[in-house]
Amino acid sequence: MNRLIWFCLFTLAAFVKLTGVSHYLLDSLSKGALLVSLSFSLLVFCVMLLMKRYFLWYGAILSLIISFYCWSSYLYMDYFHTPFSSYVALQTSNLSGMSESIFSQMAGWHVLFFTDLILLAGWMLYEKLNTSYTATALNRRLKPFAAVVVLAVLFLSLKPISMQVNGKGHLLLKKYTSDSHLSNYGLVGHQAIDWIEFLTSQQVLELSADEKEEINELLTSEDRAVPREDPLLMPGLFEGKNLLMIQFESLQQFVIGQEVNGQEITPTLNRLVESGLSFKNYYPQTAEGNSSDAELLVFNSLYPLKEGSTFFRYPMVDYPSIAKDFKEEGYTTTAFHGDEGTFWNRDAVYPSMGFERYYDIDDYKNVEDHALGMGLSDEAFFIQSFNHLQELPKPYMASLITLTSHTPFLIPEEEKLINVGDTKHSSLGNYFESIHYTDHYLGEFLKKLEEEGEMEDTVVVVYGDHNGVFKETKNEVEQWNGQSITEEQWRTDFTSVPFIVSSNDLKKPIHVTDVAGQIDTAPTLRDWFGLPEESTALGHNMNRFMNEDVFLLRGDYGERIVIGQDHKVTDYQPAHYETLEVSERLIKSNFNHITK
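The notes below deal with the structure included here. (Residues numbered from 1 in each chain as written. Predicted model: local features only at pLDDT ≥ 70, side-chain atom pairs only at ≥ 80, totals over all residues. Heavy atoms only, no water.)

**Some points on the overall build of the protein**
Consideration 1: Across its full length, the protein holds 19 helices and 18 strands.
Consideration 2: Buried positions account for 57% of the 596 residues belonging to the protein.
Consideration 3: For the protein, the proportion of contacts with a sequence separation of at least 24, taken over those separated by at least 6, is 77%.
Consideration 4: Accessible surface computed for the protein: about 26000 Å², of which carbon and sulfur atoms make up 55%. (Helix = DSSP H or I, 4+ residues; strand = E, 2+ residues; numbered from the N terminus. Buried < 20%, exposed > 50% of the residue type's maximum accessible area, 1.4 Å probe, protein only. Contact = heavy atoms within 4.5 Å. Areas by Shrake-Rupley, 256 points an atom, 1.4 Å probe, with all protein chains shown as cover.)

**Structural notes on the pairing of strand β11 (residues 458-464)**
Consideration 1: Within β11, seven of the seven residues are buried, leaving the element largely enclosed by the surrounding structure.
Consideration 2: Here β11 shows a buried face lined by Thr458, Val460, Val462 and Gly464 and a second buried face lined by Val459, Val461 and Tyr463.
Consideration 3: Here strand β2 (residues 242-248) runs beside β11; their pairing, made up of seven bridges, is parallel. In the sheet register, Leu243 faces β11, and the bridge partner there is Val459.
Consideration 4: Note: β11 against strand β12 (residues 497-502), four bridges, orientation antiparallel. When the sheet's bridge partners are listed, Tyr463 is paired in β12 with Phe499. (Pairing = 2+ DSSP bridges.)

**Let's talk about the side chain of Ser67**
Consideration 1: Mapped onto the elements, Ser67 comes out in helix α3 (residues 55-80).
Consideration 2: Polar side-chain contacts of Ser67 include one of 3.0 Å to the backbone oxygen of Phe113.
Consideration 3: Once you skip the residues sitting within four places of it in the chain, Ser67 turns out to touch Lys17, Phe113, Phe114, Asp116 and Leu117. (Polar contact = N/O pair within 3.5 Å; in protein donor to acceptor, adjacent residues only side chain to side chain.)

**Here's the deal with the packing of aromatic side chains**
Any two aromatic rings considered together are summarised by their centre-to-centre distance and by the angle between their planes.
Consideration 1: The full count for this structure, using the stated rule, is 36 aromatic pairs.
Consideration 2: Each ring, one from Trp71 and one from Phe114, has its centre 6.0 Å from the other, and the planes form 70°; the classification is edge-to-face. Of this pair, Trp71 sits in helix α3 while Phe114 sits in the loop between α4 (92-103) and α5 (115-130), and the two are 43 residues apart along the sequence.
Consideration 3: Where Phe254 meets Phe494, the ring centres are 5.4 Å apart and the plane angle is 45°; that geometry is what we call tilted. Taken together, the positions of Phe254 in the loop between β2 and β3 (259-260) and Phe494 in the loop between α17 (487-493) and β12 put the pair 240 residues apart, joining distant regions of the chain. Comparing Phe254 with Phe494, the two get one shared label, buried.
Consideration 4: Cluster of aromatic residues (ring-pair linked, three or more members): Phe254, Phe409, Tyr431, Phe432, Trp480, Trp490 and Phe494.
Consideration 5: In this structure, Arg357 is placed above the aromatic ring of Tyr359, and the distance from its NZ or CZ to the ring centre is 4.0 Å.
Consideration 6: The ring of Tyr572 carries the charged tip of Arg560 above its face, separated from the ring centre by 5.5 Å. (Phe/Tyr/Trp six-rings, centres within 6.5 Å; stacked < 30°, edge-to-face > 60°. Lys NZ or Arg CZ within 6 Å of the ring centre and 35° of its normal.)

**Some details on the packing of helix α9 (residues 267-275) against helix α15 (residues 427-451)**
Consideration 1: Viewed as axis vectors pointing N to C, α9 and α15 meet at an angle of 60°, and their least axial separation amounts to 7 Å. Judged by the inter-axis angle, α9 sits oblique to α15. The segment α9 lies against α15, with Pro267, Thr268, Leu269 and Leu272 engaging His436, Asp439, His440, Leu442, Gly443 and Leu446.
Consideration 2: Its residues placed into classes, the contact of α9 with α15 shows five nonpolar, four polar and one charged. (Axes fitted to C-alpha atoms, helices over the stretch in contact; angles between N-to-C directions. Parallel < 35°, antiparallel > 145°, perpendicular 65-115°, else oblique. Nonpolar A, V, L, I, M, F, W, Y, C, P; charged D, E, K, R; others polar.)

**A short note on the nonpolar core**
What tends to happen in soluble globular proteins is that the nonpolar side chains get buried as a cluster.
Consideration 1: Counting 62 residues, the largest nonpolar core has Tyr319, Met397 and Phe529 as its most contacted members.
Consideration 2: The residues contacting Met397, other than those within four sequence positions of it, are Leu243, Met245, Phe299, Ile322, Ala323, Phe326, Tyr331, Thr332, Thr333, Thr334 and Phe355.
Consideration 3: If you look at the next biggest cluster of nonpolar residues, it comprises 50 residues, including Val255, Leu376, Ala398 and Trp490. (Core = buried A, V, L, I, M, F, W, Y, C linked by side-chain atoms within 4.5 Å.)

**Regarding unusual backbone geometry**
Consideration 1: With an omega dihedral of 0°, the bond running from Lys394 to Pro395 counts as a cis peptide bond.
Consideration 2: Tracing the chain through its elements places Pro395 in the loop between α14 (378-390) and β10 (396-401).
Consideration 3: With an omega of 15°, the peptide bond between Thr407 and Pro408 qualifies as cis.
Consideration 4: By the element assignment, Pro408 lies in the loop between β10 and α15.

**Things to note about the side chain of Ser496**
Consideration 1: Here Ser496 is to be found in the loop between α17 and β12.
Consideration 2: A distance of 3.5 Å separates a polar side-chain atom of Ser496 from the backbone oxygen of Lys280.
Consideration 3: Look past the residues within four positions of Ser496 in its chain and what remains in contact with it is Gln252, Gln253, Lys280, Asn281, Tyr282, Tyr283 and Pro284.

**As for helix α10 (residues 290-300)**
Consideration 1: Across the eleven residues that make up α10, a large majority, eleven, are buried.
Consideration 2: Among the residues trailing α10, Ser301 stands out with phi positive, at a value near 55°.

**Quick word on helix α19 (residues 574-588)**
Consideration 1: With 15 residues, α19 should reach 21 Å at 1.5 Å per residue; the first-to-last C-alpha distance of 21 Å fits that figure.
Consideration 2: Buried residues in α19 make contact with α8 (209-219), α11 (310-313), β16 (549-551) and β17 (562-564).
Consideration 3: Just past α19, the residue Asn590 takes up positive phi, approximately 55°. (Expected span 1.5 Å × (residues − 1).)

**What about the environment of His23?**
Consideration 1: Topologically, His23 is positioned in the loop between α1 (3-22) and α2 (31-45).
Consideration 2: On a C-alpha basis, the gap between His23 and Leu182 in space is 7.7 Å, while along the polypeptide they are 159 residues apart.

Here you go:
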């Protein structure tokens, strides 16, 4: 075929793939995204017009690269529900553990990403068998090449010129959400702008005097919170006690106290709720850092950055973690996780957060014999973590992060501890099985602590890091639940995660129903353990205050919404954006907000 026809076919195929993936997350196609995708396709393939030989191979190889890029971007967005960010490139150490979860999204129809290449291969095979085709030197098509370049540049500049003419030039690179650039400029435009922003944002932020004043004004404000008539618990009740923080992977509130096929899904957690303090409407506020964002929120009372994992982008800043407060009070501070130390860059961040020791997968024995899912099974994790805890000087503050109940929630048949009945082999059934598995071995762990007399002087806090069941599974939840679920009910009743406190000092159960978020955890724990307040905390002390609302972030496991005390879902207001901006500035400036 004519070289110009091949150029047109390759360009069209690339344009279709790029626009298709660009708008996977979006409700409609924007002209800017279409124009950028078309311009890019024209520019990269117009080189074919200058090639004397092998232009077909050039087009095929380039098309293969674009196909893989579109396919991998689709898989990422299908799993995380947010566009691929350049900051994720810093997190490649995470992919070794998450590959099974991401690639579980693969489907047979994904072959469509490579349809053009399959057809090309078939045509080339046909030509080879039926003709004596040989590559012959062709003349360079300079005029068509120049025309295509001019056309591509024209398409590329239409939106910027239009916005400048309409007085909106200052909004060209304005980003309100993680998919703003994707919506405005398509997949390629998003990636290009994202890398430019990444390369120009790695220095410590210098705050102006006005910015410092704004930050300090917000930090001293008690807006959006109402004092309680009486504190939930006596302040300082747990002073001097050991603290065990257990971050339960993908645990959601809607399974607490519930049954499947006549069996309790979380019998251990149910017992803790029945004898301790629990929040029913405690919401995850993670973004692109997922589980690591939960730790950022819970231990530091800071919101995650809008782009990428905070732990990867700013591992060495002077985090205002409660671990540091406990350390100053003479506590031993440790963290435990049955995965690689580099996962979410924890091995670099934990020292900055005041943890003296981090036990990662290298500190556990017989890992290969006890591997399950992404790393060490929670059974082996709890057994061996108990032994490590016995060696720690007291008092201690320890963070234990579970792993087995991570998506895709696949527990081997011989390891399953619950019969989920009709939900078996469904996404929801798999979730129940994995949550029950970790709950069971958490129970064994706590039982052992009780037998050793450790619980007398230990406070146990269990909380969920983020959601594990998403709207795609809503039909399965409705069938199990026996009733339909509205969009608003899903957001308010099925996105919260547990926050449970267990201690022998609690003489009766306390069930709190007002809304709270992970951001409120550190100020609350400081009050219960008699620790001084932290001036940079962006959350509220739940022991003494009630939030007017709690706002969730758009990220890999959530969407950007506000949930009020009346359980009404609303949109962000300027105050919510301002709070996120203050958190961002605090982290990026290494907390250099004190006016001298």
